[in-house]
There are 2 protein chains.
Amino acid sequence: MAIEGVNLIGGEARQGKGPEFSGVAAASGETLAPVYREACPGDVAEAARHAGEASPVFAALSPEARASFLETVADRLEAARAEIVPRAMAESALPEARLNGELGRTIGQFRLFAEELRNGECFSIRIDPALPDRAPLPRPDMRLRKIPLGPVAVFGASNFPLAFSVAGGDTASALAAGCPVIAKAHPAHPGTSELAGKAINEAVRVHDLPAGTFALVHGGVEIGTSLVSAPEIKAVGFTGSQAGGLALAEVAAARPDPIPVYAEMSSINPVVILPAALSARGGEIGEGLAASTTLGAGQFCTNPGLVFVIDEAEADYLAFRDAVAAAIGGNEGAAMLTAGIASAYQDGVAALAGHPDVKELARGAAVNPCQPAALMETTAAAFRNDIALHREVFGAVSLIVRCSGLADVFTALAAMEGQLTATLQMEDTDMEAARDLLPLLERKAGRILVNGFPTGVEVCHAMVHGGPYPATTDARTTSVGTLAIDRFLRPVCYQNFPEGLLPEMLRDANPDALPRRVDGKREG
Amino acid sequence: MAIEGVNLIGGEARQGKGPEFSGVAAASGETLAPVYREACPGDVAEAARHAGEASPVFAALSPEARASFLETVADRLEAARAEIVPRAMAESALPEARLNGELGRTIGQFRLFAEELRNGECFSIRIDPALPDRAPLPRPDMRLRKIPLGPVAVFGASNFPLAFSVAGGDTASALAAGCPVIAKAHPAHPGTSELAGKAINEAVRVHDLPAGTFALVHGGVEIGTSLVSAPEIKAVGFTGSQAGGLALAEVAAARPDPIPVYAEMSSINPVVILPAALSARGGEIGEGLAASTTLGAGQFCTNPGLVFVIDEAEADYLAFRDAVAAAIGGNEGAAMLTAGIASAYQDGVAALAGHPDVKELARGAAVNPCQPAALMETTAAAFRNDIALHREVFGAVSLIVRCSGLADVFTALAAMEGQLTATLQMEDTDMEAARDLLPLLERKAGRILVNGFPTGVEVCHAMVHGGPYPATTDARTTSVGTLAIDRFLRPVCYQNFPEGLLPEMLRDANPDALPRRVDGKREG
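Every residue gets a number counted from 1 within its own chain, in the order that chain's sequence is written. As a convention, the first chain written is A and the first ligand written is 1, with the rest following in written order. Local features are withheld for residues below a pLDDT of 70 in this predicted model, meaning they are given only at 70 or higher, and side-chain atom pairs are given and counted only at 80 or more; totals for whole chains, interfaces and linings count all residues. To obtain the side-chain values, all non-hydrogen atoms of the structure were used and water was disregarded.

Observations concerning the sheet that holds strand β12 (residues 270-273) of chain B
Part 1: Overall, mixed pairing links the 12 strands, which are arranged β23(A)-β22(A)-β5(A)-β6(A)-β21(A)-β20(B)-β19(B)-β12(B)-β13(B)-β18(B)-β17(B)-β15(B) in an open sheet. The open sheet has two edge strands with one neighbour each: β23 (521-523) of chain A together with β15 (359-363) of chain B. Ignoring strand direction, the axes of neighbouring strands in this sheet form an average angle of 25 degrees.
Part 2: Strands are labelled as partners when DSSP assigns at least two bridges between them. Runs of H or I in DSSP of at least four residues are treated as helices and runs of E of at least two as strands, each being numbered from the N terminus. One ladder, built from four bridges, connects β15 of chain B with strand β17 (residues 374-379) of chain B; its direction is antiparallel. Bridge pairing in β17 of chain B places alanine 362 of chain B opposite leucine 375 of chain B. Comment: axis = line fitted to C-alpha atoms, over the contacting stretch for helices; angle = value between 0 and 180 degrees taken between N-to-C directions.

Considerations on helix α11 (residues 339-353) of chain B
Each turn of an α-helix holds 3.6 residues, which means side chains three or four residues apart point in the same direction.
Residue and element names in this part refer to chain B.
Part 1: What a helix is expected to span follows from its residue count: subtract one and scale by 1.5 Å. Between the first and last C-alpha of α11 there are 21 Å, a value that for 15 residues agrees with the 21 Å anticipated at 1.5 Å per step.
Part 2: Remark: exposure states derive from per-residue accessible area (1.4 Å probe, protein chains only) relative to the maximum for the residue type, with buried under 20%, exposed over 50%, and partly exposed in between. All of the buried residues along α11 are Ile341, Ala342, Tyr345, Gly348, Val349 and Leu352. The buried residues of α11 all sit within an arc of 125 degrees when viewed along its axis, so they share a single face. With respect to the buried face of α11, the exposed residues turned more than 90 degrees away are Ala339, Asp347 and Ala351.
Part 3: Any two residues having at least one pair of non-hydrogen atoms within 4.5 Å are treated as being in contact. Those residues of α11 that are buried lie in contact with β15, β16 (370-371), β17 and β18 (397-403). Think of it as the arc spanned by the lines of direction from the helix axis to the C-beta atoms.

Structural notes on the domain arrangement of chain A
Residues and elements named next belong to chain A.
Part 1: The split into domains, and so the bounds of each, comes from an automatic or database assignment of domains. By the assigned domains, chain A splits into domain 1 (7-110 + 149-265 + 475-487) and domain 2 (270-450).
Part 2: Its C-alpha centre places domain 1 at a distance of 33 Å from the equivalent point of domain 2.
Part 3: Each side of the interface is counted separately: domain 1 has 13 residues, and domain 2 has 12 residues.
Part 4: For any pair of parts, buried area is found by adding up, for both, the accessible area (1.4 Å probe) each one loses once the two are put together. Around 920 Å² of area is buried between domain 1 and domain 2 when both sides are counted, 62% of it from carbon and sulfur atoms.
Part 5: Broken down residue by residue, the surface that domain 1 buries against domain 2 is led by Ser158, Asn159 and Glu264, which jointly contribute 38%.

Looking at the packing of helix α9 (residues 275-294) of chain A against helix α10 (residues 314-330) of chain A
Residues and elements named next belong to chain A.
Part 1: Orientation of α9 relative to α10, taken along the N-to-C sense of each, is 25 degrees, at an axis distance of 8 Å. When the axes of α9 and α10 are compared, the pair comes out roughly parallel. Crossing angle aside, the handedness with which α9 passes α10 is right-handed. Taking contact as the criterion, the partners of Leu278, Ser279, Gly282, Gly283, Ile285, Gly286, Glu287, Leu289, Ala290, Thr293 and Thr294 in α9 are, on α10, Asp316, Tyr317, Ala319, Phe320, Ala323, Val324, Ala327 and Ile328.
Part 2: For the contact of α9 with α10, the class distribution of residues is 11 nonpolar, six polar and two charged. Angle categories: roughly parallel below 35 degrees, roughly antiparallel above 145, roughly perpendicular from 65 to 115, and oblique for all the rest. When the near helix sits turned anticlockwise from the far one by under a right angle, the crossing is termed left-handed; a clockwise turn instead gives a right-handed crossing. Asp, Glu, Lys and Arg are counted as charged, while Ala, Val, Leu, Ile, Met, Phe, Trp, Tyr, Cys and Pro are counted as nonpolar; the rest, among them Gly, fall into the polar class.

Here is the structure:
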């Protein structure tokens, strides 16, 4: 599979009609061949038209047929590993092992959604049989299943060129739901995007699906806006900045028919260290925190940027603090994904370091292009008084907030915005405090961890990678794990249908043996 | 239970601090005692504060405890039947049998949601056990359940003073989810609202729940805006006009933390009569259509306002048309819910009757205050050319669109906005046409009926009372049936929790024997 510098529209690999641009090597800043041309609004309209035509055909596939298609996507991604990983390394400056792992995760997501389709829970099938003798009025036969929303626009993230990008979780879950996808490649990794997109396109061809089942377009804000405005598009998946997510949400809300936007945006991921844990494992927690903070240059939406420590005993606190500071200070840093991200990180760290109530505890000794990790400390009072300290700085920096007791933690957390994660470090003797905090943490975050660190997002059934605004635009959903498919489905009720008109999965025969609720009771 | 002219705030029955108003007898226009005073924004803020305080306590109830509370609400509503029905008759001009039935439905909704809580499907429990030996990294224990969003604002509808109002489906499903409710009474039935609210309040007291679990406020647009803006409110349920629903959605989107609005707004509910059905049962279909159109003065969001007829044989069409026209012409009409609704109906019918491409086929002989039903006819070409003909006129009027073939129906439906329902009248020999139409109907409506009429919305597991915009603001949901609870829940993931900190329903012991997916496979 060669990198040709193309968009994928209507099943064809071709140059866009917009301006030229090129990939850039993240570590060196050098331009990478080939030259790309962005899509123009006309290209987007064409891709959307194809997606609209593909939609009813793709929606009508049986769960088994769609599962088989997803598995072919997985196979094709695996087959392209030797091309994808080196290009992603060049474009992102992320290390080989990480990108090999990320590709494995990306492939795994498609296989997991194939399983989920065969499992069939996602269709929420319900049958309330007719009650012809009910008084005063008979009940007609009522059947419910979930159907795909229609074509979905997916906006890839800069920090996961594979798992949250063109062939990432949004695309996998939308395709699993039966929705054609138009992916907008992130400009930071056009080559990786092209290779991933071609793997999907090959699967579309192998399964003889309509060409509009998948498309890939390159471009910036204008192309993103065209895509979200296209009448055929019925939902949007996005991972990126708050400004970007909110801009797309605004475009979506202003359509003649507003559509849902699932934007995962920002999170500082508070960690609370309770007193017994601090006393028992302060040093160990410190090392774990530093490792989580500096992993991948801190470029994770689940990076632990904020740590509340209840320091009942000064010595316990110092043991913890010194362990984090030593690890952060000794960290060699890493090149960041783009020059813009590196510069925003530098500005964010400088702002913290220059804050009158913030003390810099450690700074890594990174050499350009690597960015130094950093550790800061402030007080609960300062945190209460300045909302700027609540905000995420994307990169390897953590801010420790010293609290004199649980009340300080409550006040601070209650004032915070929604988060993807919240973490408790605790021992058995911290149980009462943990129980008191739990309802507040549930209200603030989509995932709550005990004695771990928030980086590392399992792809499984019980994952919630989501959370209250502004962590995401829709706290009712997750973008990772099998529940992510639910974002792209809606229920439809079929009343008094003759067997021959019913969709296959709702027929009495239940040919795929899918699980159903009959009169509310579970069968199968 | 006496009607005192009160709001219910913080568990107390008291007059609001806003302007005075009174209920009005819908049939006579006479003022009904007692005098009410609207809530003022300060009253709303107080109710919201109480709801915020009640929220974690109410959320923490076991499914059984919450089910039991819902059953007490049902009991108290039943106990107040003798007060509620006469007051609702006076305020709405709806007949006794209808209101007795509607109260039964309202009570039944609470009982059904109690069952649904005990059933436990709604919590979507998932457990992915730890994999300590997994390479390269172990998997922590991951558990998921759905938790309540937080306090919900409910806006009652004018046309269902019981089933879609203070104690209606939005309130029942929000309380079932574990969300405190603040209901804004519809000004058309303040007394009915007070009685229903008091029944809920009594149940709150009997179960010793926090006073903020339920509140009732009276007021207009300003109070509605205050309510949706209150920081404690986390979701909105609304049934009413498109203008009203969109205004609330705008307020909700402009909050510092935007919240979901579930607004059920408008629908003209197309009925398609296929040729064999027209030929076999034209007269019968006509009578059924007229009955559905005129039921309750046509004041249903599922009223069949639009009928596409494929008239391959002129005689078949005439048999159908004459049957509808005779029934509509002979209909005695009924008083409408409010003077405003009656006047909007008159305007809508006059606009249709005066349309150059619309022919009036029949008009009922109603005498003031009753409003005459009406039947209109137009051509497929006229329907294509004037979007005004696609719009709902709330009341007992239907517009027949004569189509020369299936292609006309396709073109017309494809150009239409989202609907609550779509109906097919068909015989076995119409099957091919029905199959061709189905994907389009699925895209346009939340519920599809065969050989029935859309009025009559079953409260059951398989019901979808919802649909694409502008039928509702959120096609992913239903406001009727057990799936309605999902609107007020969000998933939370608990990672690596010690057993003692886990919410009870996620513990290994599974004390309530709730259904779960373990590693994706269903148990229980």
